[in-house]
Amino acid sequence: MRPERPARRGANILSAVTGLALAVLSGPTTAGESWDYIRAELYDARPLRDGGDIIAIDAPMRTRDDARTQIAAQVVAPPGLRLGRVTLVLDENPMPVSAVFALDDPLESFFFDVTMRVNGPTPLHVVAETTDGQLWVAETFVKTSGQGACAAPPVGDPALALASLGEMQLEVTALPGAGGTLAQLSARLRKLDVDISHPSHSGMQMDQVSLLYIPMRYVEDVQIALDGAGYVGVTGSISLSENPRLGLSVPARTQSVDVTMTDTEGTVSRAHKRLAGY
């Protein structure tokens, strides 16, 4: 699984994520200012091309549950190019760089969906980087019900949540959607769902008994290997929901899946699944 790579990659991304989180928390900004700052911090002066033709975002116009909102995107590289990294940004979240998917081997197409906390009304950006160094961006906007999801109390008992922390369930199903590009892709791709038992404490939540803030602890890194070879590394954030579900496209020919999860306290857990028919 190329164990030397995640530490370097995760450290660099986590540093950027943490810096942006501190900046956002330091004072109010307008939506446009937030994205301008995030863009400059992540990509400096590199141009971002309009990705409307290659990135399709599936996000609710208004969340049903701010603390557990499913956000998905399908990215198809322009002809002749391949995808190396895909980044999900929730501009107004306390930690706006919410999930980063770094592909071990570049792909022509990639699908993800993930359950997120959406702290308040926010622009949402998906940025795809192709292996020639070009950046492509698509944008939408998500309204919320005003729950302040990142500071909302945990759903369950924190002590019980810690007892099952790190347990994972793996499932492979068909890709969602029945038409267009997804229909063509579904013939050669399936969807891997990784359900992770983790309280995903944001550091902004208050224990309802002690009235003290619960220390930050979230899923920092998820490494996914297919058939014994590295496939994708996912860098998380406090934007991940409690007990997050992570879904992504995998080749239909995949015979086995191995997942390694590491959280910000250094807890490591692993799951393995051999797929039916092999």
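Structure shown above.
Residues numbered from 1 in each chain as written. Predicted model: local features only at pLDDT ≥ 70, side-chain atom pairs only at ≥ 80, totals over all residues. Heavy atoms only, no water.

Novice: Which parts of the structure should I look at to understand the sheet that holds strand 6 (residues 109-116)?
Specialist: Hydrogen bonds between backbone groups are what pair the strands of a sheet, and the pairing can be parallel or antiparallel. As summarised here, the arrangement of the 6 strands in space is 2-3-6-13-10-9, forming an open sheet in which the pairing is antiparallel. Two strands in the sheet have a free side with no partner beyond their single neighbour: strand 2 (55-58) and strand 9 (168-174). Across the sheet, the mean angle from the axis of one strand to that of its neighbour is 15 degrees, orientation sign disregarded. Pairing of strand 3 (residues 69-76) with strand 6, which is carried by 8 bridges, proceeds in the antiparallel orientation. Bridging from a neighbouring strand, A72 pairs with D113 of strand 6. (Pairing = 2+ DSSP bridges. Helix = DSSP H or I, 4+ residues; strand = E, 2+ residues; numbered from the N terminus. Axes fitted to C-alpha atoms, helices over the stretch in contact; angles between N-to-C directions.)

Novice: What am I meant to see in the side chain of H198 here?
Specialist: Within the secondary structure layout, H198 lies in the loop between strand 10 (189-196) and strand 11 (219-226). Here the side chain of H198 touches D263 through a polar contact of 3.0 Å, side chain to side chain. Dropping the residues within four chain positions of it, H198 is found in contact with L165, R217, Y218, V219, E242, N243, P244, M261 and D263. (Polar contact = N/O pair within 3.5 Å; in protein donor to acceptor, adjacent residues only side chain to side chain. Contact = heavy atoms within 4.5 Å.)

Novice: Can you walk me through the packing of aromatic side chains in this structure?
Specialist: Centre distance and the angle of the planes are the two values used to describe a pair of aromatic rings. If you walk through the whole model with that rule in mind, you get 2 aromatic pairs. Judged by centre distance (5.6 Å) and plane angle (55 degrees), the ring pair of F101 and F110 falls under tilted. Taken individually, F101 and F110 each receive the classification buried, so the pair is uniform in this respect. Between F101 and F112, the ring centres sit 4.6 Å apart and the planes meet at 25 degrees, which makes this aromatic pair stacked. Taken as a pair, F101 in strand 5 (residues 97-107) and F112 in strand 6 lie far apart in primary sequence, 11 residues in all. One exposure class covers both F101 and F112, and it is buried. An aromatic cluster of at least three residues, connected via ring pairs, comprises F101, F110 and F112. (Phe/Tyr/Trp six-rings, centres within 6.5 Å; stacked < 30°, edge-to-face > 60°. Buried < 20%, exposed > 50% of the residue type's maximum accessible area, 1.4 Å probe, protein only.)

The values reported here are purely geometric and, on their own, carry no functional implication.
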